[in-house]
Amino acid sequence: EHSPRLKDPEILEIVAAAVECGIQRVHWTGGEPCIRNMVNLIQVSNDLGMRNQIMTTNGTRRLHEVEAMKRAGLDRVNVSLDSLDAAKNAAITGRQCFDTTMMWIRTACDTFETETKMNIVAMADNLDEIPNFVRFAQGFEGKLVLKFIELCPNNPAFYGRDLRDYVVTRQQIIAALTAIEELQPSEGVGDNPNAEYFMVGGSGVKVILVTMPSQDFKCGLERCRKLRVSPYGLAGSCIQQKGLPLLGQPYEKKVETIKTLMRIRESYPDVEPVTRRHIRLDYGIWRFGEVKARDTE
């Protein structure tokens, strides 16, 4: 049997509790958030007081609702796509979704004023595609940002399939990019405290590097102000914490728990040297629930 998961009404109760605690920004991730009625979640969250909403999606569902999501209060999206080759994408994802995801990217760039990010997990078998990714992004005239994420050896997908040979480092990603043009430091919009922003020479393409393993999973210090809630209702303000339960708790307890987590985060020293690392040995269990075969539901 699967572990109990948050249903939409309780998610919205957590959003309300977060707003009561002063939180005004939500990033919808997953899993895949679009298995839910995202237009309703975004609209009600907006009505509750969330002033900035972002969503990360694999771009396989609810393409026809992108405009409705924007009207409801969604500000920008990250769309995950690890290859510009349809066959390779099918091998990575296990499904034929390439065309829909490509349409999601184009629709998002056309719909949102804020730049759309394309999440790319950099691996040994797509490292040679980096020039193609840059050329692809050039066609969006600055509206599409490439976000290269280092493959992390700390989640169920990694442990369930032996992916050690697929790992590439920050240095390898940078080398592939600088082979195109010299990288120039840049700035960007986002909530990842360890993200690095660059422009690829004069290409007009902005890239983001998120390379936690190569940087020893360093803490984001004062730039990190996230409260994470897992699908199983566990909440934490630092990934080193054991998650505190929100699932099934009364509203007042949710508010109390969120305030507690915010106080804990504010108590951390944010001066060097910092020994905190953005990793747990049981990270996969904390964030995803028990590591098991992929759900079939």
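Bear in mind the structure is a predicted one, so any value in this text is a computation, not a measurement.

Some remarks on the sheet that holds strand β2 (residues 52-57)
As a general point, the strands of a sheet are linked pairwise by backbone hydrogen bonds and lie either parallel or antiparallel.
Move 1: Taken together, the eight strands give an open sheet; going across it, the order is β1-β2-β3-β4-β5-β8-β7-β6, and neighbouring strands pair in mixed fashion. Each edge of the open sheet carries a strand with a single partner, namely β1 (25-28) and β6 (183-185). Taken over all neighbouring pairs, the strand axes of this sheet differ in orientation by 25 degrees on average, direction set aside.
Move 2: Across three bridges, β6 lies against strand β7 (residues 196-200) in antiparallel orientation. Its bridge partner lying in β7, Leu183 is registered against Val200.
Move 3: Across the sheet, helix α8 (residues 170-178) touches β4 (116-122), β5 (144-150), β6, β7 and β8 (206-210), and the angle it forms with β8 is around 165 degrees.

Focus: the sheet that holds strand β9 (residues 228-229)
Move 1: In space, the three strands of this open sheet follow the order β9-β10-β11, with antiparallel pairing throughout. Strands with a single pairing partner mark the edges of an open sheet, and in this sheet they are β9 and β11 (244-245).
Move 2: As defined by bridge partners, strand β10 (residues 234-236) adjoins β11 across two bridges and the pair is classed as antiparallel. Residue pairing across strands places Ala235 opposite Leu244, the latter belonging to β11.

A look at α8
Move 1: When α8 is considered as a whole, its buried residues turn out to be Arg170, Ile173, Ala176 and Leu177. Take α8 and look down its axis: the buried residues cluster within an arc of 130 degrees, on one side only.
Move 2: Each element contacted by the buried residues of α8 is listed here: β4, α6 (130-138), β5, β6, β7 and β8.

Here's the deal with the packing of aromatic side chains
Move 1: By the definition in use, this model includes two aromatic pairs.
Move 2: Between the aromatic rings of Phe133 and Phe148, the centroid separation amounts to 6.1 Å while the plane-to-plane angle is 70 degrees, which identifies the pairing as edge-to-face. Placement of the pair is Phe133 in helix α6 and Phe148 in strand β5, with a sequence separation of 15 residues.
Move 3: Classification of Phe133 as buried rests on a relative accessible area of 0%.
Move 4: Of the residues examined, Phe148 reaches a relative accessible area of 1% and is grouped as buried.

Some words on helix α2 (residues 38-48)
Move 1: Looking at α2, one finds that the buried residues are Met38, Leu41, Ile42 and Ser45. The arc that holds the buried residues of α2, viewed along the axis, is 95 degrees, so those residues lie on one side.
Move 2: Buried residues belonging to α2 abut α1 (8-20), β1, β2 and α3 (66-72).
Move 3: One or two steps after α2, the chain reaches Gly49, where phi turns positive at roughly 125 degrees.

Here's the deal with the environment of Gln24
Move 1: Mapped onto the fold, Gln24 is located in the loop between α1 and β1.
Move 2: Along the primary structure Gln24 and Met50 are separated by 26 residues, whereas in three dimensions their C-alpha atoms are 4.4 Å apart.
Move 3: Setting aside anything within four residues of it in sequence, one finds Gln24 in contact with Gly49, Met50, Arg51 and Asn52.

A closer look at empty space enclosed by the protein
Move 1: This structure, assessed with the given rule, holds two cavities of 30 Å³ or more.
Move 2: As a volume, the largest cavity reaches approximately 70 Å³.
Move 3: For the largest cavity, the full set of lining residues is Cys219, Gly220, Cys224, Ser237, Cys238, Arg265, Tyr268, Arg276, Arg277 and His278.
Move 4: Residues that form the lining of the largest cavity fall into these classes: four nonpolar, three polar and three charged.
Move 5: Estimated volume of the second largest cavity: approximately 50 Å³.
Move 6: The wall of the second largest cavity is formed by His27, Arg76, Asn78, Lys117, Lys147, Gly190, Asp191, Asn192, Ala195, Tyr197, Ile208 and Val210.

Rules behind the numbers
Numbering of residues begins from 1 in every chain and follows the order in which that chain's sequence is written. Under the rules for a predicted model, residues below a pLDDT of 70 receive no local features and side-chain atom pairs below 80 are neither given nor counted, while totals for whole chains, interfaces and linings still include all residues. Hydrogens and water molecules were not included; the side-chain quantities draw on all heavy atoms of the structure. Pairs of strands are assigned from DSSP output, requiring at least two bridges between the strands. Numbering of helices and strands runs from the N terminus, with a helix taken as a DSSP run of H or I at least four residues long and a strand as a DSSP run of E at least two residues long. Axis definition: a line fitted to C-alpha atoms, over the contacting stretch in the case of helices. Angles run 0 to 180 degrees between N-to-C directions. When checking whether two residues touch, look at their non-hydrogen atoms; a contact exists if any pair is within 4.5 Å. Using a 1.4 Å probe on the protein chains alone, a residue whose accessible area is under 20% of its type maximum counts as buried, one over 50% counts as exposed, and one in between counts as partly exposed. Along the arc lie the directions from the helix axis toward the C-beta atoms. Between the rings of Phe, Tyr and Trp (Trp by its six-membered ring), a pair exists once the centres lie within 6.5 Å; its type follows the angle of the planes, with under 30 degrees stacked, over 60 edge-to-face, and the other angles tilted. The distinction between a cavity and a pocket rests on a 1 Å grid over the protein atoms alone: a 1.4 Å probe fits inside a cavity but cannot get out, while a pocket stays open yet meets protein on both sides within 12 Å along at least five of seven lines, and a residue with an atom within 4 Å of a point counts as lining. Grid points are joined across faces, edges and corners, and a volume is the space filled by probe spheres set on the points. Under the scheme applied, nonpolar residues are Ala, Val, Leu, Ile, Met, Phe, Trp, Tyr, Cys and Pro; charged residues are Asp, Glu, Lys and Arg; polar residues are all the others, including Gly.

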